[in-house]
Amino acid sequence: MQDPKGRDAILQARSLPPHRVTCAPSLDLVFQGAAYVAIAVPWINSQGKPNMGLFSQQQVESIKKKAKISSASPPLMFSKPALAWMNQQMKLGELYVRIDTPKRLVEAAKQDYPYLDLAHDVAFAARDCQQALDRAMLQQARDFIAQTQNYYVAC
């Protein structure tokens, strides 16, 4: 999404109007004054290490009141102080945080952060997401078939 050349096509393919989506150039700007933040960051970075604590309490505190954070990344992408702050804001009704992650991570995080909306396989069970996955799998199958059709040889 950070590549401006491909961003509009990706957003349009996902039925998102490009003019309504902002891809922040820095992590500090991701949250600053935002009403809604969507996070989908791989757990392992390009150096092969976990992206643990990527988002700080200071960063999440800069979000608007009553904002929404939706993450498809593991809870520990946020620092522990950030998770504690978000948990408290959820308790007060000042913020909404949904983190959809593997079941084992949900169970561990719920003990320390009971007010966060932690779930497993909910976002990925959405109909739009399932349709996108189905289309991607179908395209991969078509591409594979197209590649192999030229290699059959009669003996």
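The structure this text deals with has already been given above.
Residues numbered from 1 in each chain as written. Predicted model: local features only at pLDDT ≥ 70, side-chain atom pairs only at ≥ 80, totals over all residues. Heavy atoms only, no water.

**Student:** Summarise the pattern of salt bridges; cite the residues concerned and give the values.
**Tutor:** Under the counting rule described, the total for this entry stands at 2 salt bridges. Note that Lys 65 and Glu 94 form a salt bridge whose closest N and O atoms lie 3.6 Å from each other. Residue Lys 65 is located in the loop between α3 (57-61) and β2 (67-71), and its partner Glu 94 is located in the loop between α4 (80-92) and β3 (95-100); the two are separated by 29 residues in the primary sequence. Classification of Lys 65 by relative accessible area gives exposed; the value is 67%. (Salt bridge = Lys/Arg side-chain N within 4 Å of Asp/Glu carboxyl O. Helix = DSSP H or I, 4+ residues; strand = E, 2+ residues; numbered from the N terminus. Buried < 20%, exposed > 50% of the residue type's maximum accessible area, 1.4 Å probe, protein only.)

**Student:** For α4, give the residues involved together with the corresponding values.
**Tutor:** Taking 1.5 Å of rise per residue, the 13 residues of α4 would be expected to cover 18 Å, and the 18 Å separating its terminal C-alpha atoms lies within 8% of that figure. By the burial criterion, the buried members of α4 are Ala 82, Leu 83, Trp 85, Met 86, Asn 87, Gln 89 and Met 90. In this structure, the buried side of α4 is in contact with α3, β2, β3, α5 (103-112) and β4 (117-119). Following α4 by one or two positions, Gly 93 has its phi on the positive side, about 80°. (Expected span 1.5 Å × (residues − 1). Contact = heavy atoms within 4.5 Å.)

**Student:** Please provide a residue-by-residue account of the pairing of β2, values included.
**Tutor:** Remark: a regular strand shows side chains that alternate across the two faces of the sheet. Side chains Ala 67, Ile 69 and Ser 71 project from β2 onto a buried face, and the interleaved Lys 68 and Ser 70 project onto a face without burial. With 4 bridges joining them, strand β1 (residues 36-39) and β2 adopt parallel strand pairing. For Tyr 36, the partnering residue across the bridge sits in β2 and is Lys 68. Of the pairings in the sheet, the one linking β2 to β3 comprises 5 bridges and is parallel in character. When the bridges of β3 are listed, Ser 70 appears paired with Arg 98. Handedness of the β2-α4-β3 crossover: right-handed. (Pairing = 2+ DSSP bridges. Right-handed = clockwise from strand over helix to strand, strands pointing away.)

**Student:** Lay out the layout of surface pockets in plain terms, naming residues and giving numbers.
**Tutor:** If you add up the space inside the second largest pocket, you get close to 160 Å³. Residue lining of the second largest pocket: Trp 43, Pro 74, Pro 75, Leu 76, Lys 80, Leu 83, Leu 105, Ala 108, Ala 109, Asp 112 and Tyr 113, and that is the complete set. Among the elements of the structure, α4 and α5 are those that each provide at least two residues to the lining of the second largest pocket. If you tally residues by element for the lining of the second largest pocket, the top one is α5, at 4 residues. In terms of residue class, the lining of the second largest pocket is made up of 9 nonpolar, no polar and 2 charged. (1 Å grid on protein atoms, 1.4 Å probe; cavity = no way out; pocket = protein on both sides within 12 Å on 5 of 7 lines; lining within 4 Å. Points joined across faces, edges and corners; volume = space filled by probe spheres on them. Nonpolar A, V, L, I, M, F, W, Y, C, P; charged D, E, K, R; others polar.)

**Student:** Tell me about the sheet that holds β3, and please be specific about residues and values.
**Tutor:** Across the sheet, 4 strands lie side by side as β1-β2-β3-β4; this open sheet has parallel pairing. Edge strands, defined here as strands with exactly one partner in the open sheet, are β1 and β4. Going from strand to strand, the sheet's axes swing by 10° on average, the running direction of each strand aside. Each of β2, β3 and β4 is contacted by α4, which is oriented at about 125° to β3, the strand it contacts most. (Axes fitted to C-alpha atoms, helices over the stretch in contact; angles between N-to-C directions.)

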